[in-house]
Every structure is written in structure tokens, then in C-alpha cells.
Amino acid sequence: MLSDLFAGTATDVTLSHLRDPWGLRFETPAVLVVHVLVRGAARCADHPLRPGDVALVRGPHELTDPAGTTPGAVVDGPGRSREPHEPAHLAGDRWRLPGARSYGDALDAPTLLVHAAYLAGDPVGRRALAGFPPVLTGRAPEHLLALLAQESVRDGPAQRAVLDRLVDLLVLTVLRGRRDVGSISAAADPVVGPVLDLLHSRPAQRWTVAALAERAGVSRATFARRFAEVVGSPPQRYLTELRLDLATDLLRRTDRTLASIAAEVGYADAFALSTAYRRRRGRPPSAERGSSTAR
């Protein structure tokens, strides 16, 4: 799942019910924002959207009606925005609607958009997005679109998990078959995807290419070639970078000893981790201490 690939992330889902003219600017801390047009029409950057379209966006961006109306609100997080400089259609509690997660003009407004955000700030999540274009669009299968629209307005103790999985599935469907979006798309690959799950869930295990190929159900040569094609690096190099990314995250977020971090991410001791870290990153692990907001 994508939210597993982005270690420690979660999706936050909101709905916008809008009447023309409208315009929104998104400046959220999310590393990836997902917009799904359920009905009506919209424009994301220079990409026109029609019902069933999905836009995957990195960084600040504008989402508007087809005419490109100047945004009147700056959305800086799920369900909230800064004070707009003029009346706008999504401005936090000011535009809250009765439906669950709903904002905008009215529940029966002509345009309905579902928004989701992956809130990863850790090195693993950022590396998963390496090579991802600023805006990528695709089509949502009708059954997933209908299910997302239906589940988005429900509430309950398990609803967050349901929506997380639905958004994951929708994004993976859009990414499937593409080779231009970095390692995030590899999660949808039938050979590489299950192996990535293993590596991310058990990074400390002494994996060999032969063992991973056996798990994937293909020959060693086929697996090594396929992994490099889809992910962009050989399996062992990917595993090394994954371990160092996990170590970086633990060094920044915790005060655990280097020895305990080394054991968790797959190194024999603190010396082995430090040596690998210096060789690959050009600095000692201690340089990461107290850098939770860095890079």
C-alpha cells in the first residue's frame, strides 16, 4: 500500500461542493495531493479535468473552474485555509457543510471534488517520490469512483482506514503501467510490488537477490532485471538506501543509540552503520541528530 511505502503517513480526505466561479490554491505540507473529479468540470494547473479524472500533484498548485478563476482561498491543510483575500469556496469552518468532510457552497452544487493528501515528511516517503512529475493525470475506474464518492460521506470509527485503502487503490490504478513516476509506481508491479512490501516491512533481514527472486516467483536474472527497470536501481542498492533512510528518520526523530538503530535497520553494529553512512552520505550519522525539519 502507498501509505505503507510512505512510512508513517496517512491520507486525509475532504470533499468540495462548488458552484462557478471558484478557485483554490493548495499550499499544504503534504508530499502528494490527490484530486478526484466526481462531477462537473475543473482545471488543475494546465490540465483540464472531466468527471472520472484523477490529478496527482506535488507542491503548491491551483485548482479552479474551467475558466481559471483566480483562487480566492489558500488551502493549507485538510479542511482548513488561511483567511482568504476575497470570498472563496473552501475556507475551513466558514464553508463547512453538513455532510462528513464536506466544504463549499451546497451539497447539491454542480461540481464535486474529492481531495486526499499523503502527509509524509520522512526520507523514505520523499525518496519514493523521486522522479515523480509535478502533475500527473489519469482516469479512475467507474466502480472505484462510485465507491470513493459513497464512502467519503460516511463516518465511523473505521472510516479513516477504509478511505486510506480506497485512495491507495485509486492512485495505484492510475500509476499502473507507467514507468515515469519513480519507485512509487513499483508498488503496483506484480513482480516487484510484493518484494517492496517485504523489504519495507523487514529491512533488517539478510536478503539476497536469490531469496527475493524466489519470493517473487521468477528467476534471479529476471527479477534483477525487472527490479532495476521498475525501481531504477538494483535490489541490493535499493535495500542499502532504504536502510540508511530509515536510520536517518530514527536519528532525527528519536534519541535512541546508534547501536539500537543499527540493529533495527539491518547492520551488525554501530560501527557498520556508521561506515555505510559515511560511504553513501558523505557525513557521520551524528550529523542527523536534531534535524527533524531538515530536507
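Details of the structure are given in the entry above.
Computed from a predicted model, the values in this text were never measured in an experiment.

### A closer look at the overall build of the protein chain
Phase 1 of the analysis: A count of helical and extended segments in the protein chain gives 10 helices and 12 strands.
Phase 2 of the analysis: Looking at the protein chain as a whole, 51% of its 295 residues are labelled buried.
Phase 3 of the analysis: For the protein chain, the proportion of contacts with a sequence separation of at least 24, taken over those separated by at least 6, is 69%.
Phase 4 of the analysis: If you sum the accessible surface of the protein chain, you get close to 13400 Å²; carbon and sulfur atoms cover 52% of it.

### Looking at the pattern of salt bridges
Phase 1 of the analysis: The tally for this structure, following the rule as stated, stands at 14 salt bridges.
Phase 2 of the analysis: Put simply, Glu288 and Arg283 hold a salt bridge, and the shortest N to O gap is 2.7 Å.
Phase 3 of the analysis: The exposure class assigned to Glu288 is buried, which follows from its relative accessible area of 0%.
Phase 4 of the analysis: Through salt bridges with shared partners, one network takes in Glu241, Asp245, Arg280 and Arg281.

### Details of the nonpolar core
Phase 1 of the analysis: Grouped together as the largest cluster of nonpolar side chains are 31 residues, with contacts concentrated most on Leu199, Phe223, Phe227 and Leu273.
Phase 2 of the analysis: Examining the composition of this core, we find that 8 residues originate from one element, helix α8 (residues 235-253), more than from any other.
Phase 3 of the analysis: In this structure Leu199 touches Trp207, Leu212, Phe227, Tyr238, Leu239 and Leu242, once residues within four positions along its chain are discounted.
Phase 4 of the analysis: Judged by nonpolar contacts, the second largest core, of 26 residues, contains Val38, Leu136, Leu148 and Val167.

### Brief notes about the sheet that holds strand β6 (residues 53-57)
Phase 1 of the analysis: Taken together, 6 strands build an open sheet; the order of strands is β10-β1-β11-β3-β6-β12 and the sheet is mixed. In this open sheet, the two edge strands, each paired with only one partner strand, are β10 (102-104) and β12 (135-139). In this sheet, neighbouring strand axes are inclined to one another by 25 degrees on average, regardless of whether the strands run parallel or antiparallel.
Phase 2 of the analysis: Bridging between strand β1 (residues 14-18) and β10 involves 3 bridges; their strand directions are parallel. In the strand pairing of β10, Leu15 is matched with Ser102.

### A short note on the packing of helix α6 (residues 209-216) against helix α7 (residues 220-231)
Phase 1 of the analysis: Their axes nearest at 9 Å, the elements α6 and α7 cross at an angle of 90 degrees. Taken together, the axes of α6 and α7 lie roughly perpendicular to each other. In this structure, α6 contributes Val209, Ala210, Leu212, Ala213 and Ala216 to the contact, and α7 contributes Arg220, Phe223 and Ala224.
Phase 2 of the analysis: A class-by-class count of the residues in the contact of α6 with α7 yields 7 nonpolar, no polar and 1 charged.

Thresholds, definitions, all that
- Residues numbered from 1 in each chain as written.
- Predicted model: local features only at pLDDT ≥ 70, side-chain atom pairs only at ≥ 80, totals over all residues.
- Heavy atoms only, no water.
- Helix = DSSP H or I, 4+ residues; strand = E, 2+ residues; numbered from the N terminus.
- Buried < 20%, exposed > 50% of the residue type's maximum accessible area, 1.4 Å probe, protein only.
- Contact = heavy atoms within 4.5 Å.
- Areas by Shrake-Rupley, 256 points an atom, 1.4 Å probe, with all protein chains shown as cover.
- Salt bridge = Lys/Arg side-chain N within 4 Å of Asp/Glu carboxyl O.
- Core = buried A, V, L, I, M, F, W, Y, C linked by side-chain atoms within 4.5 Å.
- Pairing = 2+ DSSP bridges.
- Axes fitted to C-alpha atoms, helices over the stretch in contact; angles between N-to-C directions.
- Parallel < 35°, antiparallel > 145°, perpendicular 65-115°, else oblique.
- Nonpolar A, V, L, I, M, F, W, Y, C, P; charged D, E, K, R; others polar.

In short, geometric facts, not functional conclusions.
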